Number of protein chains: 2
Amino acid sequence: MARTVAERADILPLLGEVFREHGYEGASLAHITARTGLGKGSLYHFFPGGKEEMAAAVLKEIDGWFEANVYAPLRADEDPAAAVRDMLARTDAYFRSGRRVCLVGVFALGEVRDRFGEQVASYFARWREALAAALARAGLPSAEADDRAEEAVLAIQGALVLARALNDPAVFGRALARLGRRLLDGL
Amino acid sequence: MARTVAERADILPLLGEVFREHGYEGASLAHITARTGLGKGSLYHFFPGGKEEMAAAVLKEIDGWFEANVYAPLRADEDPAAAVRDMLARTDAYFRSGRRVCLVGVFALGEVRDRFGEQVASYFARWREALAAALARAGLPSAEADDRAEEAVLAIQGALVLARALNDPAVFGRALARLGRRLLDGL
DNA sequence: CGCCATCTGTACCATTCAGTACATTATTGA
DNA sequence: TCAATAATGTACTGAATGGTACAGATGGCG
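Residues numbered from 1 in each chain as written. Chains lettered and ligands numbered in written order. Predicted model: local features only at pLDDT ≥ 70, side-chain atom pairs only at ≥ 80, totals over all residues. Heavy atoms only, no water.

### A closer look at the overall build of chain A
Phase 1: For chain A, the helix and strand inventory stands at nine helices and zero strands.
Phase 2: Over its C-alpha atoms, taken along the principal directions, chain A stretches across nearly 65 × 35 × 30 Å.
Phase 3: Within chain A, the proportion of its 187 residues that are buried is 50%.
Phase 4: Accessible area for chain A stands at about 8000 Å²; split by element, carbon and sulfur atoms hold 51% of it.
Phase 5: Of the charged side chains in chain A, 24 are positive and 26 negative; the average position of the first set lies 5 Å away from that of the second. (Helix = DSSP H or I, 4+ residues; strand = E, 2+ residues; numbered from the N terminus. Buried < 20%, exposed > 50% of the residue type's maximum accessible area, 1.4 Å probe, protein only. Areas by Shrake-Rupley, 256 points an atom, 1.4 Å probe, with all protein chains shown as cover. Lys, Arg positive; Asp, Glu negative; His and termini not counted. Charge placed at Lys NZ, Arg CZ, Asp CG, Glu CD.)

If you want it as structure tokens, here you go:
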């Protein structure tokens, strides 16, 4: 029979889109087969654990992307202020300027929070910590750095919720602009 | 047969809890009957439109509560600064200091956003507008009032997401405290 | 008492769900 | 060329889904 897909990794972004749009419960195998173009046979060949393994793989991929493109630069960059600005730019790009929703946030609010609790918590905790570290290196007192970092992570999630609720992506852009002004204020 | 419930309105809070915890898709009739103690017969007697009518009724009830307890005071109170502080206190109480999630936010992120888009958008838009009006009356320039109001509404949602993701309700308390300081800053 | 609208449990329906089984096909490497 | 393995489509399962039908029960009112 026809061989359609080269790599398991190639379909992770597609899976991500389905979970993003429908949530874990709402992402039926029918949706998944339709979006990926793979039949159940292939799907269960790549993911013997079924939907749960698919979701876990997607979470892991997202986690890896943020680790490489956001958290690590925040921790390592020699110029913390530039790292913060880079973070905002990459965040804007990743979430398509507010047109895309955060899968981890969706999972956090859903009933699947329990199932993927560890991965969900780690994603946000590491974001907050990496940002706080950058702010501290930039010269902020530790407590103030922690406070601003938490505020930023939370604002990004809230902006995504509000942008989608109001069907107005510009909300997200304004929130990022606000963070750009405030995170490095007084430095 | 046993008559169990007095009023349709009595079960709306229970329905709200189910939708809050499981989302719209995940709130199966099995969950609903278990939580409310009502059989399908009664449920479909009170809500002939099924799940969709139940969710719409819950949204309407929440909307009414916020209109009466949050938006209207913000618009009407003679002391805008006090009204803002009241809003934060009532918000804290409503969301159980971060232990409870926002049903409207959950719906906004889910695929039901399209079905209840109007109610979802109106909930957030009116919150933002009422708060902006209060801040403007308190002496803030219109543009600054709008900006702070949007930031506040968004921060509340983001704090709920983060609190649940990290399983740490204190995140919500810190966010509200931050808003208390910042909303009325410079007045 | 007895009527009647309101309420409620139960059996049932078609559909969809995630997941399994397996035969069949393609691809690769020897 | 020819196995061995990787990939794939299809048919299927049992359970759960939302929703319907309806026969009763219940309570208030005359």
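Back to the write-up after that little detour.
### Some remarks on the interface of chain B and chain A
Phase 1: Contacts between chain B and chain A engage 36 residues on the former and 36 residues on the latter.
Phase 2: Summing the contributions of chain B and of chain A, the shared interface buries around 3400 Å²; its carbon and sulfur component is 59%.
Phase 3: Per-residue buried area on chain B facing chain A is highest for B:L109, B:L154 and B:R164; these three make up 20% of the total on that side.
Phase 4: Counting across the chain B and chain A interface gives eight salt bridges. (Contact = heavy atoms within 4.5 Å. Buried area = accessible area lost by both parts, 1.4 Å probe. Salt bridge = Lys/Arg side-chain N within 4 Å of Asp/Glu carboxyl O.)

### Quick look at the relation of the copies chain B and chain A
Phase 1: Note on the identical chains: chain B maps onto chain A by a rotation of 180 degrees and an axial translation of 0.0 Å, with an RMSD of 0.0 Å. One copy is carried onto the other by what is essentially a two-fold rotation axis. Judged by C-alpha distance, B:G158 is the residue of chain B that lies nearest the rotation axis, at 1.8 Å.
Phase 2: Taken as a fraction of all interface residues of chain B, those also at the interface in chain A reach 100%, which identifies the copy contact as same-surface. (Least-squares fit on C-alpha atoms with pLDDT ≥ 70 in both.)

### Here we look at helix α8 (residues 142-166) of chain B
Residue and element names in this part refer to chain B.
Phase 1: Its 25 residues give α8 an end-to-end C-alpha distance of 36 Å, which sits within 8% of 36 Å, the value for a rise of 1.5 Å per residue.
Phase 2: Judged by how many residues are buried, α8 sits mostly within the fold: 19 of 25 residues are covered.
Phase 3: Following α8 by one or two positions, N167 has its phi on the positive side, about 55 degrees. (Expected span 1.5 Å × (residues − 1).)

### Examining the confidence of the model for chain A
When pLDDT is low, close inspection of the predicted coordinates is not appropriate.
Phase 1: Taken as a whole, chain A shows an average pLDDT of 94; of its residues, 97% reach a score of 70 or greater.
Phase 2: Element-level pLDDT for chain A is lowest in helix α1 (residues 8-26) of chain A, with a mean of 94, against a maximum mean of 98 in helix α8 (residues 142-166) of chain A. (pLDDT = per-residue confidence, 0-100.)

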